[in-house]
Amino acid sequence: MGKERDVRDAEFIRRWMLAMAEAVESEAKHLTDLDSAIGDADHGANLQRGFTAVAEALRAELPATPGAVLVLAGRQLISKVGGASGPLYGSLLRATGKALGDAAEADDAQLREALQAGVDAVVKLGGAQPGDKTMLDTLVPALAALADGYPAARAAAEKGAKDTIPLQARKGRASYLGERSIGHEDPGAASSALLITALAEVAADV
Amino acid sequence: MGKERDVRDAEFIRRWMLAMAEAVESEAKHLTDLDSAIGDADHGANLQRGFTAVAEALRAELPATPGAVLVLAGRQLISKVGGASGPLYGSLLRATGKALGDAAEADDAQLREALQAGVDAVVKLGGAQPGDKTMLDTLVPALAALADGYPAARAAAEKGAKDTIPLQARKGRASYLGERSIGHEDPGAASSALLITALAEVAADV
Amino acid sequence: MLINVPETVVADALRGIAAAHPELTVDVENRVVVRRDAPVTDKVGLISGGGSGHEPLHAGFVGPGMLDAACPGEVFTSPVPDQMARAAAAVDAGKGVLFIVKNYTGDVMNFDMAMELAEDEGVQVAKVLVNDDVAVTDSLYTAGRRGTGATLFVEKLAGAAAQEGAPLERVEAVARQVNEASRSFGVALSACSTPAKGSPTFDLPAGELELGIGIHGEPGRERRAMMTSREIADFAVDAVLEDLKPTMPVLLLVNGMGATPLLELYGFNAEVHRVLAERKVPVARSLVGNYVTSLDMAGCSVTLCQADEELLRLWDAPVGTPALRWGM
Amino acid sequence: MLINVPETVVADALRGIAAAHPELTVDVENRVVVRRDAPVTDKVGLISGGGSGHEPLHAGFVGPGMLDAACPGEVFTSPVPDQMARAAAAVDAGKGVLFIVKNYTGDVMNFDMAMELAEDEGVQVAKVLVNDDVAVTDSLYTAGRRGTGATLFVEKLAGAAAQEGAPLERVEAVARQVNEASRSFGVALSACSTPAKGSPTFDLPAGELELGIGIHGEPGRERRAMMTSREIADFAVDAVLEDLKPTMPVLLLVNGMGATPLLELYGFNAEVHRVLAERKVPVARSLVGNYVTSLDMAGCSVTLCQADEELLRLWDAPVGTPALRWGM
Ligand SMILES: Nc1ncnc2c1ncn2[C@@H]1O[C@H](COP(=O)(O)OP(=O)(O)O)[C@@H](O)[C@H]1O
Ligand SMILES: Nc1ncnc2c1ncn2[C@@H]1O[C@H](COP(=O)(O)OP(=O)(O)O)[C@@H](O)[C@H]1O
Ligand SMILES: [Mg+2]
Ligand SMILES: [Mg+2]
Ligand SMILES: [Mg+2]
Ligand SMILES: [Mg+2]
């Protein structure tokens, strides 16, 4: 156990994706309930469908590079999920993968940079900013904290998700509620915390 | 107060109808609830609509004879109520009225005979028999007891209505429920008890 | 409920029907809905009616190729004789009228009284009872089988025959044939709420369903733990097929009771087609939607009608009503 | 719920649509519903889609004079790009295709991705966003107004233009004009239950209602004590008229959200006509029914579309789809 070195290969990314698939599986109902309060009650089912497909694809075939694994995962999400989260999470992973290029391994600094490209893709596609009560409220602080290591990123992600509770939504479906969106955790911010947590757990487990 | 003589005129019948209209008004919800359990939840509203029309007609114009009052009331029910109870109660009153002919007054024996003609009309029109869990389970015993006076008729009517509870319906909408109709009071039997009670009260009040 | 007060629900709806369908003449006060071009020369008049709460039945089926007039009663309460008598006078073109009556004690009595009134006015009247619901045994111990989904088939097919100019006896015979060839079975996943009562007509806990319900919010013959769409289709179709042994292709109505989403109803339709294929009953035509409803009840019913070539031809004939329209 | 398992609800419904409507080609696996005669020579292809749960929207509007294809997503979840790309390939006759997209973040992103895919395949694609819901302010602080009832008007009127052979720019212009001329407002009397959640998406106590709801089970902008049909009509129509100041007659859609009985909806229609008359807005055509629904939500919406002579002509043009049919 314990971190031995900070170089990540395709198998590491696969383990991350499988861990996320598991987390989504067990948290699906919770995510749907969050989405029920300020959205349309499908976020859990959406991600479950998406990450189940990702896991299946990665069990059937493991691409050679971490970048290729993420591009494959992103494509699966785009063509299986739909809704807002499909294109957004799909682009996040695909852009991260593309940024990794076709190197066989990436060190943590490279992965962090690639994730930044992924988050930039989410911003570009969805037009949201931190504070709009979206997944970005988890992803942006988590990435900033990632410089201090995975546990810090995880803590920042979890805090980021909870910090969406007092916010009024300005993007996505929850924005229709205006002030009534205040007082609820954003479902996408919650699922993003699962994604970062899965990454941190897999990293801790290498 | 107290009964002075047993001769009934048009005004007496009008008072009976108005008393019935009042009783239906205050019991409408109860009748509808009974009908909700084994029927279609409209019996209270049906009779309310019908007897309101009867009361209005009789306030506007008082026909000269008891027979004519009942014929008018019966016609109002037929053309205002609909459902099973409209034609049945309408025929009951109309046939009773017709049996009274155009005498200016009727004594209690004549009224009893006329009511028998009314009940016969209900049997003929609906094809039900006592024991089928219908208004007849109130009307038939009440008429039999009427020979012993109005209070006896009223007691028999109220007992008749309650006695429908253990019966399985064989006529009307409740019969669709088969055995599940057992254990509920028949709404038409309950409203017939109101009709007999109204008659007894008006008679006691003369 | 989306209403003003319970007392005006039917009148309000009639005003709304008048506003929505200029091709109908709506007598709000007397509660008669008539084809604007009635009486149609040389055509038998078709009249139906019944309690309200089953919309689009019957007013939604008034128009060329189907009914000439509809008489809506109060919610779940059969109309009064005056309405049908008035309708008969409005649509009779001298070839007589046919009353299409769902078999409920109240409907039968009120239509019978109307028949007398209309005949007194010199209108020739025939009457056909619709009694297709296999959930009710037709015996001395019941008021007989209820009229439900088959009403749509009777109105459409007899309506097509009348539109072609068939005489009263023929239109009546078609209606009778269709009724005899039709059977239905219904299931409720929730009770409905009538405006007068304002709350569900019976308690149906989540996770249970009622088998063999009618269209008046009455409970069914049996309550069970919730079943899947597949199981309900098996149960309902088999209940119908136990009574009707089709020797030819069927018309199929997969009917929603009012509050079942069309998404679910289409899924149920798939299961009904599956079980019919398994039972080797070919489906000649099918119709899926909320046609014979019970206010906001969730649930569905299945109606089958054995149809010979002639009935299929009448089915395909043009129809132009608010709720059923093709070929025009 | 009348389902098998939540996971198969959409596929089951597609099988049921295929069984009910032989005039449609239904690709259940890839979730594309196409006119059987597509691609129609010399006609612009019209494609819409969105989450399921709004039936008959969109698959019920596929047919001559309206859509060429519909792409249903999961319940309340926009479809994936592959569906629209596949639909585009199936219906393009060389004159290009128009995507009709309801303005939701997910729909917009997925259709945009599909546009790239289709254009990569050499199909010319235009896109029109529908955003008619006045309950949502179109500002930097929201995802913009939602697309609701006006979708029906856009699909019908652009569909009629396409059916007449208009080129892509013209069909797109009609769609855009219709959207700009349309506004809606919706009210919920109950929440709906999605198959995945299995219970109401929000708690709405009896005796209260939500004003300004969308079609995805989300709560509205404001909760109030129950109002009468008359009051709701006043509120909804005035909300629409605050935004849309019609200078010509309107097309009116009085739409049920799924579980509101047609009886009540017609009564509401009467109130909507009354308030429009009071506001001196003439109604040129109206449509009453469950067309753009939200599963089993009780409630209604009002959509107005200012219609010039040309739009009225396109409205009256023949249409032959499962849910909207006239003139054929
Ligand atoms: N424009 C956006 N930018 C970033 N994230 C967004 C945006 N819009 C929505 N989201 C995220 O997507 C989540 C909702 O996802 P999901 O429920 O799967 O899709 P939908 O809203 O289409 O039903 C929201 O909770 C939010 O975090
Ligand atoms: N065939 C019949 N003979 C006598 N009474 C009947 C018959 N059918 C029904 N009834 C009576 O009518 C009552 C129901 O009346 P109501 O609810 O107003 O009409 P409906 O059943 O048409 O809704 C029943 O409770 C029963 O007492
Ligand atoms: Mg969602
Ligand atoms: Mg009743
Ligand atoms: Mg009744
Ligand atoms: Mg969604």
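Note that this is a predicted model, so its numbers are computed, not measured.

Caption draft 1: Expanded view of the coordination of the magnesium ion (ligand 3). Only D35(A) (OD), D40(A) (OD) and D42(A) (OD) from the protein reach the magnesium ion (ligand 3) as donors, at distances of 2.0 to 2.2 Å. The metal-metal distance between the magnesium ion (ligand 3) and the magnesium ion (ligand 6) is 3.5 Å, with D40(A) coordinating both.

Caption draft 2: Structural view of the relation of the copies chain D and chain C. Between chain D and chain C, which share one sequence, the superposing operator has a rotation angle of 180 degrees and an axial displacement of 0.0 Å; the RMSD is 0.0 Å. The transformation just described matches what one would write down for a two-fold rotation axis. When each C-alpha of chain D is compared by its distance to the rotation axis, A259(D) comes out closest, at 2.0 Å. When the interface residues of chain D are mapped onto chain C, 100% of them again lie at the interface, so the same face is used by both copies.

Caption draft 3: Spotlight on the pattern of salt bridges. Under the definition given, this model contains 70 salt bridges over all chains. A salt bridge links E271(C) to R15(D), with the nearest nitrogen and oxygen atoms 3.3 Å apart. One end of the pair, E271(C), is in helix α7 (residues 262-278); the other, R15(D), is in helix α1 (residues 9-20), on a second chain. Overall, the relative accessible area of 34% leaves R15(D) in the partly exposed class. Where R35(D) meets D68(D), a salt bridge forms, and the shortest distance between an N and an O atom there is 4.0 Å. Pair noted here: R35(D) is in strand β2 (residues 32-35) and D68(D) is in the loop between β3 (45-52) and β4 (69-75), with a separation of 33 residues, a long-range link. In terms of burial, R35(D) and D68(D) fall into one category: buried. Several salt bridges share partner residues, and in doing so they unite D12(C), R15(C), R230(D), D234(D), D238(D), E271(D), R274(D), E278(D) and R279(D) into one network.

Caption draft 4: Region of interest: the site of ligand 1. Around ligand 1, the structure places 21 residues, and the nearest of them are D40(A), H43(A), N46(A), S85(A) and D186(A). Ligand 1 sits at a junction of chains, with neighbouring residues supplied by chains A and D. Between ligand 1 and the protein, one listed contact pairs an oxygen atom with a side-chain N or O atom of R173(A) at 3.2 Å. Here G188(A) contributes a backbone N or O atom positioned 2.9 Å from an oxygen atom of ligand 1. Out of a free accessible area of 560 Å², ligand 1 has 97% covered by protein chains. Among the secondary structure elements, those contributing two or more residues to the shell around ligand 1 are α2 (43-60), α4 (85-100) and α8 (187-204) of chain A.

Caption draft 5: Up close: the interface of chain D and chain C. Of the residues lining the interface, 49 residues belong to chain D; the matching set on chain C comes to 49 residues. Together chain D and chain C conceal approximately 3,800 Å² of surface at their shared face, both sides included; 65% is due to carbon and sulfur atoms. Contact with chain C buries surface across chain D, with L2(D), L263(D) and Y266(D) losing the most and accounting together for 22% of the total. Viewed at the interface, chain C and chain D are joined by two salt bridges. In this structure, the connection of chain D to chain C is made through 18 residue pairs in polar contact (both at pLDDT 80 or more). Where the side of chain D that touches chain C is concerned, the elements lending two or more residues are α1, α6 (229-243), α7 (262-278), β11 (283-289) and β14 (325-326) of chain D. Looking at the side of chain D that touches chain C, the element that brings in the most residues is α7(D), giving eleven residues.

Caption draft 6: Summary view of the packing of aromatic side chains. Going through the model one piece at a time under the given rule, you end up with ten aromatic pairs over all chains. On the numbers, 6.1 Å between centres and 85 degrees between planes, the contact of Y176(A) with Y104(D) is edge-to-face. Residue Y176(A) is located in the loop between α7 (150-162) and α8, and its partner Y104(D) is located in the loop between β5 (97-102) and α3 (105-120); the two belong to separate chains. For the pair shown, Y176(A) and Y104(D) are each scored as buried. On the numbers, 5.5 Å between centres and 70 degrees between planes, the contact of F153(D) with W315(D) is edge-to-face. One end of the pair, F153(D), is in helix α4 (residues 150-163); the other, W315(D), is in helix α8 (residues 309-316), and 162 residues separate them in sequence. This pair shows no difference in class: F153(D) is buried, exactly as W315(D) is. Taken together, F153(C), W315(C) and W326(C) form an aromatic cluster joined through their ring pairs. Directly above the ring of F12(A) sits R8(A), whose terminal nitrogen or CZ lies 4.6 Å from the centroid.

Caption draft 7: Quick peek at the site of ligand 2. Close to ligand 2 lie 21 residues, the nearest being D40(B), H43(B), A84(B), S85(B) and D186(B). Near ligand 2, residues from chains B and C are present, making the site a shared one. The separation between an oxygen atom of ligand 2 and a polar side-chain atom of N46(B) is 2.9 Å. Contact between ligand 2 and M135(B): an oxygen atom at 3.0 Å from a main-chain N or O atom of the residue. Relative to its unbound accessible surface of 570 Å², ligand 2 loses 97% to contact with the protein. In terms of residue count, helix α8 (residues 187-204) of chain B provides more of the shell around ligand 2 than any other element does, three residues in total.

Scoring rules and cut-offs
- In this numbering scheme, every chain counts its residues from 1 along its sequence in written order.
- Here every chain gets a letter starting at A, and every ligand a number starting at 1, in the order they are written.
- Where local features are concerned, this predicted model is filtered to residues with pLDDT of at least 70; where side-chain atom pairs are given and counted, the filter is 80 or more; whole-chain, interface and lining totals use all residues.
- By convention in this description, side-chain values take in all heavy atoms of the structure and omit both hydrogens and water.
- Sites may look incomplete because water is not among the atoms; the donors themselves are N, O and S atoms within 2.8 Å of the metal, or within 3.2 Å for Na, K and Ca.
- Least-squares fitting of one copy onto the other uses the C-alpha atoms of those residues that reach a pLDDT of at least 70 in both copies.
- For this analysis, residues touch if any pair of their heavy atoms sits within 4.5 Å.
- Every case where a carboxyl oxygen of Asp or Glu lies within 4 Å of a side-chain nitrogen of Lys or Arg is listed as a salt bridge.
- Segments assigned H or I by DSSP are reported as helices when at least four residues long, segments assigned E as strands when at least two residues long, and all are numbered from the N terminus.
- Type-normalised accessible area, obtained with a 1.4 Å probe on protein chains alone, sets the label of each residue: buried when under 20%, exposed when over 50%, and partly exposed for intermediate values.
- To be near a molecule or strand, a residue needs just one of its heavy atoms within 4 Å of it.
- In the analysis that follows, any N or O atom pair within 3.5 Å is treated as a polar contact, provided that within protein one partner can donate a hydrogen and the other can accept it, and provided that, for residues neighboring in sequence, both atoms belong to side chains.
- A 1.4 Å probe and the Shrake-Rupley method give the accessible areas. Residues count as covered only by the protein chains that appear here.
- We define buried area as the total accessible area lost by two parts upon association, computed with a 1.4 Å probe and summed across both.
- Pairing of aromatic rings covers Phe, Tyr and Trp, the last through its six-membered ring, and needs centres within 6.5 Å; plane angles under 30 degrees mean stacked, over 60 mean edge-to-face, and all others mean tilted.
- By definition, being over a ring means that NZ of Lys or CZ of Arg is both within 6 Å of the ring centre and within 35 degrees of the ring normal.

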